[in-house]
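# Results of the structural survey
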Amino acid sequence: MLEVARQLSHPFDLHDLLTQIIDAGREILHADRGSVFLYDNKSKELYTVVAHGVQEIRFGIDKGIAGECARTREVVNVPDCYADPRFNQEIDRKTGYRTRCLITVPLVGVDNELVGVMQLLNSESGQFDLQDESMAELIASQAASAIQRVKLHANRVEMLKLERELDVARRIQMGVLPQTLPTCPGYDLASFSEPAEKTGGDIFDVVPLPPAYNLPSGLMMLLADATGHGVGPALSVTQVRAMLRIGVRLGAKLENLFQHINGQLSQDLSSDRFVTAFLGVLDPLKHEVAYVSGGQAPLLHYRAAESQCDWLDATTLPMGVMEDPPMDSVQPISMAPGDMLVLLTDGIYEYQNPAGTQFGKDRVGEAVCRHCGKSPQHVMNALLADLHDFAAGAEQMDDITGLIIKRSAQGA
């Protein structure tokens, strides 16, 4: 038994460990065959990973001798299997093996957790006695702890692997965000993005327009937010950004660009998924922002001359909801000297403090007005500082992303 304990303390993968447990049980109890049935707590089933001479078996704990052992957590010693109505003779008929006697022992680990049961068949002496029961219980106590340890180790390895994959996904996603924002005469820009998890469902982009647009120094702007957060939404918004970049290279006009991206998402996304998105073109000559907003709202236009915040609604449905959504015709946003266009995802507006109160658009507007004479980066930093103070340590539950465009107060 000391040798068994020493052997089971070595690192194993689960398959090798279960083989070691069965071999130890067969050797100590002089049994012909053995099986370990692991317990699935969710389905309330026992299943085999290793069984001598038998393929995988899975059954509920309301069935058979092994099921009774799992339910009662007591040793079941059957001296004559064919005389016991609990014994399932079907397996013997399928395998051609004759089971004369068996002993079944519960594997109960740390915190009284049922790990499974061990079953040994056909003692060399003809049946298993009380000493065999005691020895089987000793093996079972060692085996249960060893199985728990191996499972914990396997779960830890899998979790580390998943974390490494998520780190790669985060680097890829953050890598597609503009590292430096493009310049535009007479305008200044600032941005921020922080996912709630390793990866997020928010994205932004600012793309200089190529010569095909005949708009020198013009910019295409994107702010998008996919439903949920994590890897799935991250893939959706990264797809939006990729399609936007291709469309800009091909010189697609704003409305057509929105329609093509929306059409593709309508085919790709499931019915419960969509992407809210703002697409805008900044014309630094006319000082206007033409835009389409698919479910992305509210949009804040700060008008410096009146020291006033105008809140704009979305112009159509979110991307991916339907192939050809109705689109409102809206006037471009006129950017007077000192004006700002503040684009924020709902993770900022809906951020809740410990009392369950949302940050809301009023607090956003107050922060913008209070720092209106500063640079967009200063406004963004001040807004995030207000959000942090308001949250009072509450966990960030959604991705937060922002993009601010400000025309110079001098009107250059």
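We now turn to the structure provided with this report. (Residues numbered from 1 in each chain as written. Predicted model: local features only at pLDDT ≥ 70, side-chain atom pairs only at ≥ 80, totals over all residues. Heavy atoms only, no water.)

Okay, the side chain of Asp 283 next. Of note, Asp 283 is situated in strand β10 (residues 275–283). Here Asp 283 is buried and forms no salt bridge, its nearest opposite-charge partner Lys 286 lying at an N-O distance of 4.8 Å. Apart from the residues within four sequence positions on either side, Asp 283 is in contact with Leu 215 and Glu 288. (Helix = DSSP H or I, 4+ residues; strand = E, 2+ residues; numbered from the N terminus. Buried < 20%, exposed > 50% of the residue type's maximum accessible area, 1.4 Å probe, protein only. Lys, Arg positive; Asp, Glu negative; His and termini not counted. Salt bridge = Lys/Arg side-chain N within 4 Å of Asp/Glu carboxyl O. Contact = heavy atoms within 4.5 Å.)

A word on the packing of aromatic side chains. A complete count under the given rule lists 5 aromatic pairs for this structure. With 5.4 Å between their ring centres and 70° between their planes, Phe 37 and Phe 59 make a pair best called edge-to-face. With Phe 37 in strand β1 (residues 31–40) and Phe 59 in strand β3 (residues 58–60), this residue pair connects regions lying 22 residues apart in the sequence. For the pair shown, Phe 37 and Phe 59 are each scored as buried. Both rings, one in Trp 311 and one in Tyr 349, keep their centres 6.3 Å apart while their planes meet at 70°; by these two values the pair is edge-to-face. Pair noted here: Trp 311 is in strand β13 (residues 308–312) and Tyr 349 is in helix α8 (residues 346–349), with a separation of 38 residues, a long-range link. By relative accessible area, which is 24% here, Trp 311 ends up partly exposed. Here Tyr 349 falls in the buried class, since its relative accessible area comes to 7%. (Phe/Tyr/Trp six-rings, centres within 6.5 Å; stacked < 30°, edge-to-face > 60°.)

A few words now on the pattern of salt bridges. Any two side chains of opposite charge can pair, on the condition that their charged atoms come close. A full pass over the atoms with the stated rule returns 11 salt bridges. Notably, a salt bridge pairs Arg 245 with Asp 205, separated by 2.8 Å at the nearest N-O pair. A residue pair is termed long-range when its members are at least 10 positions apart, and Arg 245 in helix α6 (residues 231–249) and Asp 205 in strand β8 (residues 202–208) qualify at 40 residues. Owing to a relative accessible area of 0%, Asp 205 belongs among the buried residues under this scheme.

All chains considered together, the criterion is met by 0 disulfides. A disulfide-free cysteine, Cys 69 has its sulfur positioned 14 Å from the sulfur of Cys 81, the nearest such atom. Judged by relative accessible area, which is 0%, Cys 69 ranks as buried. For Cys 309, which is in no disulfide, the shortest distance to another cysteine sulfur is to Cys 369 and amounts to 3.6 Å. Residue class for Cys 309 comes out buried when judged on its relative accessible area of 18%. (Disulfide = S-S within 2.5 Å.)

Across the sheet, 5 strands lie side by side as β7-β16-β15-β12-β13; this open sheet has antiparallel pairing. Of all the strands in the sheet, the pair left with one neighbour each is β7 (187–194) and β13. On average, each strand axis in the sheet is tilted by 15° relative to the strand beside it, whichever way the strands run. As paired elements, strand β12 (residues 299–303) and β13 share 5 bridges and run antiparallel to each other. Note that in β13 the partner of Leu 300 across the bridge is Trp 311. (Pairing = 2+ DSSP bridges. Axes fitted to C-alpha atoms, helices over the stretch in contact; angles between N-to-C directions.)

There is about 310 Å³ of room inside the second largest pocket. Residue lining of the second largest pocket: 14 residues in total, with Tyr 213, Lys 253, Leu 254, Val 281 and Ala 290 positioned closest to the centre. At the level of elements, α7 (254–268), β10 and β11 (288–294) are the ones that each hand at least two residues to the lining of the second largest pocket. If you tally residues by element for the lining of the second largest pocket, the top one is β11, at 3 residues. Looking at side-chain class alone, the lining of the second largest pocket contains 8 nonpolar, 1 polar and 5 charged residues. (1 Å grid on protein atoms, 1.4 Å probe; cavity = no way out; pocket = protein on both sides within 12 Å on 5 of 7 lines; lining within 4 Å. Points joined across faces, edges and corners; volume = space filled by probe spheres on them. Nonpolar A, V, L, I, M, F, W, Y, C, P; charged D, E, K, R; others polar.)

Per the counting criterion, the structure on display carries 2 cavities of 30 Å³ or more. Its volume calculated, the second largest cavity comes out at about 30 Å³. If you trace the second largest cavity, you find it lined by Phe 258, Gln 259, Asn 262, Glu 323, Asp 324, Pro 325 and Met 327. Of the residues contributing to the lining of the second largest cavity, the split by class is 3 nonpolar, 2 polar and 2 charged.

This next bit is on unusual backbone geometry. Geometrically, the link from Ala 297 to Pro 298 is a cis peptide bond, its omega value of 0° lying close to zero. Assignment of secondary structure puts Pro 298 in the loop between β11 and β12. Of note in this structure, Arg 73 is not a glycine but carries a positive phi near 55°. By the secondary structure assignment, Arg 73 is in the loop between α3 (64–72) and β4 (76–78). A residue is classified by how much of its surface remains accessible, and Arg 73, at 34% relative accessible area, is partly exposed. One non-glycine residue with positive phi stands out, namely Asn 112, at about 60°. Structurally, Asn 112 is set in the loop between β5 (102–108) and β6 (114–123). Judged by relative accessible area, which is 55%, Asn 112 ranks as exposed.

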